[in-house]
Amino acid sequence: MGIRDRLSRLLAEAPLDAEAIEHDGTWWTWGQVQETARSVVDALDTAGLGAGSRVGVVLENRPEHVAVVAAVIASGRCLVMLSPLQPAARLAADVTRCAPPVVVSGAEPLARDGVLAAVTAHGAVLELAPDGAVRLTGGAATAVTTANPGVAVEMLTSGTTGAPKRVHLRDGQLDQALLSGGQTPKSGRLLSGSASLVAAPLVHIGGLWRALACLATGRRMLLLPRFAVEPWVDAVERHRLRAANLVPAAIRAVLDAGVPDERLASLQVVTSGTAPCPAELADAFFRRYGIPVLMTYGATEFAGAVAGWTLPLHGRWWQRKAGSAGRAFPGVELRVTGDDGVELPAGRTGRLEVRTDQSTEGGRAWVRTSDLARIDADRFVWIEGRADDAVIRGGFKVQPETVKRVLETHSAVREAAVVGLPDQRLGEVPVAAVEAVPDRTPPTVAELVELCRGQLLPYEVPAHIVVLDALPRTPSSKVSRVELLDIVRARLAHPTTA
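Read on for an overview of the structure. Being a predicted model, the structure only gives us computed values, none of them experimental.

### Topic: the overall build of the protein chain
Okay, so step 1: Within the protein chain, the regular secondary structure consists of 15 helices and 25 strands.
Okay, so step 2: Summarising its shape, the C-alpha atoms of the protein chain cover approximately 65 × 50 × 50 Å along the three principal directions.
Okay, so step 3: Buried positions account for 52% of the 498 residues belonging to the protein chain.
Okay, so step 4: Residue pairs in contact within the protein chain that sit at least 24 positions apart in sequence constitute 62% of those at least 6 positions apart.
Okay, so step 5: Seen as two clouds, the 53 positive and the 54 negative side-chain charges of the protein chain have centres 4 Å apart.

Structure, rendered in structure tokens:
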């Protein structure tokens, strides 16, 4: 049963009084989810938007928004993601650019300067109240079907390296991603008594995949507005969760908070994705709590993870393979190729390519990623940076990951990030920012430069280094390269503020 059919069945058959979504200390029942979903579908039908039509949703981490996602996908329409995390001008520009005939949104994003005008300039507004009530207002909707039949979601990437892109995810991709991740209902049951925690933004693939996994398996959803240590720990403790997800930055936050062991005693495993998790960080969490951290590797274009660790793999291989992203998931093939596209032998570094039904290209085409990787003789994949992150300094190629690793050997550096800054003479130069370890004397720029000079080639040494209390991050907790460049430029323009 595919995700569209699964959602249709839940919206038709789930018991009205069954707990569906916990949010801010209260439960939404399946009856409330179903009522909101019916109201949304009725409004879209009234607007003349049938199956295949594109529906924009300014998607927030709220129960009524989950109901909208279920309604749009179950009814055969296409969910067009619009991020409420964007500033008003960028949100308005995104609405104008993707031009869905109806935009569903809560009141707050619509009240931002220029957003409502951008929506009504070409379509109608479906305003969504916190209690799930909907109201169709604004201009006249125009029935526009998706250009690619079978597309379930027009998904935003995280925007780590620039403006977010829109990726078209087909029904089959979502189905295969959930299947590869083991997210299928047990014994044909409609609902499960277990619960899962969703703290990542729903508007990004990590949050959407986890929400769909809850729905696909019938688990109750513990929905946080955003990640914060205490609400996350509280949910784990109250519901005695056996598994949960933490991005690397959140793993650090839990460790730094000194959460008592007994509060996480129910956890048997933590999964980690969206960014590479350093082996030493996973080891620190394991030593502190006895909970294995299972890394995963994926991308929006693959509707989720395509490789990762499992508990059996961790028990057998971790001591020898710590730092690896794991092995390919079922139904996924991985290979590494050189610049000429020819597959490289085991252990050689090149561009990672993926073949899977989770791909936008289908299961018969190899998709060339932007990641540099090697696959060893035991089929473990090691991510070694991004090909498109390379900084070309006067004709010399600098891999940011190489510089990052050196900076992070300083005892007062918790995390480092390296990006390319345009340069009139050299084309671009590497610049770096480091996040200082809390409650310790921050490193000086001179110390960091000396460290780099001792371990890097001359052209790899950053042209500028800034020391920060915290690195800027995207909503999915990756380092924001765009904001990092802005910070470096500001420090260069006003050096006395450094």
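Once you've had a look at it, read on.
### So, the sheet that holds strand 13 (residues 269-272)
Okay, so step 1: Taken in spatial order, the five strands make up an open sheet running 12-13-14-15-16, and their pairing is mixed. Since the sheet does not close on itself, it has two edges, and those belong to strand 12 (243-245) and strand 16 (327-328), each with one partner.

### Focus on the side chain of Thr 356
Okay, so step 1: Its location among the elements puts Thr 356 in strand 18 (residues 350-356).
Okay, so step 2: For Thr 356, a relative accessible area of 1% gives the class buried.
Okay, so step 3: A distance of 3.0 Å separates a polar side-chain atom of Thr 356 from the backbone nitrogen of Gln 358.
Okay, so step 4: Once residues within four sequence positions are removed from consideration, Thr 356 is found in contact with Gln 176, Phe 302, Val 306, Gly 331, Val 332, Gly 362 and Gly 363.

### Structural notes on the nonpolar core
Okay, so step 1: Of all hydrophobic cores here, the largest spans 60 residues; its most connected members are Trp 30, Met 81, Val 153 and Met 221.
Okay, so step 2: With nine residues, helix 3 (residues 63-74) is the single largest residue contributor to this core.
Okay, so step 3: When near neighbours in sequence (up to four residues on either side) are disregarded, Met 81 contacts Val 57, Leu 59, Asp 94, Val 153, Glu 154, Met 155, Leu 156, Arg 166, Leu 202, Val 203 and Leu 208.
Okay, so step 4: Membership of the second largest hydrophobic core comes to 36 residues, among which are Trp 232, Val 236, Leu 294 and Leu 313.

### Here we look at unusual backbone geometry
Okay, so step 1: Phi angles above zero are rare outside glycine, and Arg 240 is one such case at about 50°.
Okay, so step 2: One can find Arg 240 in the loop between helix 9 (229-239) and strand 12.
Okay, so step 3: With a phi close to 70°, Arg 379 is a non-glycine residue in the positive phi region.
Okay, so step 4: Topologically, Arg 379 is positioned in the loop between strand 19 (367-375) and strand 20 (381-386).
Okay, so step 5: The class for Arg 379 is exposed, based on a relative accessible area of 53%.

### Side note on the pairing of strand 8 (residues 151-156)
Okay, so step 1: With six of its six residues buried, strand 8 lies for the most part within the structure.
Okay, so step 2: In this sheet, strand 8 lies alongside strand 4 (residues 78-82) in parallel orientation, the contact comprising two bridges. Across the sheet, residue Leu 79 finds its bridge partner in strand 8, namely Val 153.
Okay, so step 3: Bridging between strand 8 and strand 9 (residues 166-170) involves five bridges; their strand directions are antiparallel.

### Observations concerning the pairing of strand 23 (residues 413-423)
Okay, so step 1: In terms of burial, strand 23 is largely enclosed, as eight of its 11 residues are buried.
Okay, so step 2: As defined by bridge partners, strand 23 adjoins strand 24 (residues 427-436) across 10 bridges and the pair is classed as antiparallel. Paired with Val 413 across the bridge in strand 24 is Ala 436.

### Overview of the environment of Ala 249
Okay, so step 1: Note on placement: Ala 249 falls in helix 10 (residues 248-257).
Okay, so step 2: C-alpha of Ala 249 to C-alpha of Cys 277: the two residues are 28 residues apart in sequence and 8.8 Å apart in space.
Okay, so step 3: Sequence-distant contacts of Ala 249, that is, excluding residues within four places in its chain, are made with Arg 473 and Ser 477.

### Description of the pattern of salt bridges
Okay, so step 1: Applying the stated rule across the entire model yields 29 salt bridges.
Okay, so step 2: Two residues, Asp 376 and Lys 321, come together in a salt bridge whose shortest N-O distance is 2.8 Å. Residue Asp 376 is located in the loop between strand 19 and strand 20, and its partner Lys 321 is located in helix 12 (residues 311-321); the two are separated by 55 residues in the primary sequence.
Okay, so step 3: Under the relative-accessibility criterion, Asp 376 is labelled buried at 13%.
Okay, so step 4: A residue is classified by how much of its surface remains accessible, and Lys 321, at 9% relative accessible area, is buried.
Okay, so step 5: One network of salt bridges, in which partners are shared, links Arg 252, Asp 256, Arg 414, Glu 415, Glu 435 and Arg 473.

### A word on helix 1 (residues 3-13)
Okay, so step 1: Here helix 1 has its buried residues at Ile 3, Arg 4, Arg 6, Leu 7, Leu 10 and Leu 11. Down the axis of helix 1, the buried set is contained in an arc of 165°. They therefore lie on one face. Those residues of helix 1 that are exposed and aimed more than 90 degrees away from the buried face are Asp 5 and Ala 12.

### Details of the packing of helix 1 against helix 2 (residues 30-46)
Okay, so step 1: Across the interface, helix 1 lies against helix 2 with an axial gap of 8 Å and an inter-helix angle of 110°. The angle between the axes of helix 1 and helix 2 places the two elements in the roughly perpendicular class. Helix-helix and strand crossings are classified by hand; for helix 1 and helix 2 the assignment is left-handed. Contact residues: Leu 10, Leu 11 and Glu 13 in helix 1; Trp 30, Val 33, Gln 34 and Ala 37 in helix 2.
Okay, so step 2: Partitioning the contact of helix 1 with helix 2 into residue classes produces five nonpolar, one polar and one charged.

### Focus: the sheet that holds strand 8
Hydrogen bonds along the backbone pair up the strands of a sheet, which may run parallel or antiparallel.
Okay, so step 1: Sheet architecture is open: seven strands sit in the order 7-6-5-3-4-8-9, paired in mixed fashion. Only two strands of the sheet have a single neighbouring strand rather than two, namely strand 7 (134-138) and strand 9. Averaged over all neighbouring strand pairs, the angle between strand axes comes to 25°, with direction disregarded.
Okay, so step 2: Where strand 6 (residues 124-128) and strand 7 come together, five bridges link them in antiparallel fashion. Its bridge partner being in strand 7, Glu 127 is matched across the sheet by Arg 135.
Okay, so step 3: Here helix 4 (residues 88-98) sits on the sheet in contact with strand 3 (54-58), strand 4, strand 5 (102-105), strand 8 and strand 9, set at roughly 150° to strand 4.

The rules we used
Residues numbered from 1 in each chain as written. Predicted model: local features only at pLDDT ≥ 70, side-chain atom pairs only at ≥ 80, totals over all residues. Heavy atoms only, no water. Helix = DSSP H or I, 4+ residues; strand = E, 2+ residues; numbered from the N terminus. Buried < 20%, exposed > 50% of the residue type's maximum accessible area, 1.4 Å probe, protein only. Contact = heavy atoms within 4.5 Å. Lys, Arg positive; Asp, Glu negative; His and termini not counted. Charge placed at Lys NZ, Arg CZ, Asp CG, Glu CD. Pairing = 2+ DSSP bridges. Polar contact = N/O pair within 3.5 Å; in protein donor to acceptor, adjacent residues only side chain to side chain. Core = buried A, V, L, I, M, F, W, Y, C linked by side-chain atoms within 4.5 Å. Salt bridge = Lys/Arg side-chain N within 4 Å of Asp/Glu carboxyl O. Arc of directions from axis to C-beta. Axes fitted to C-alpha atoms, helices over the stretch in contact; angles between N-to-C directions. Parallel < 35°, antiparallel > 145°, perpendicular 65-115°, else oblique. Left-handed = near helix turned anticlockwise from the far one by under 90°. Nonpolar A, V, L, I, M, F, W, Y, C, P; charged D, E, K, R; others polar.

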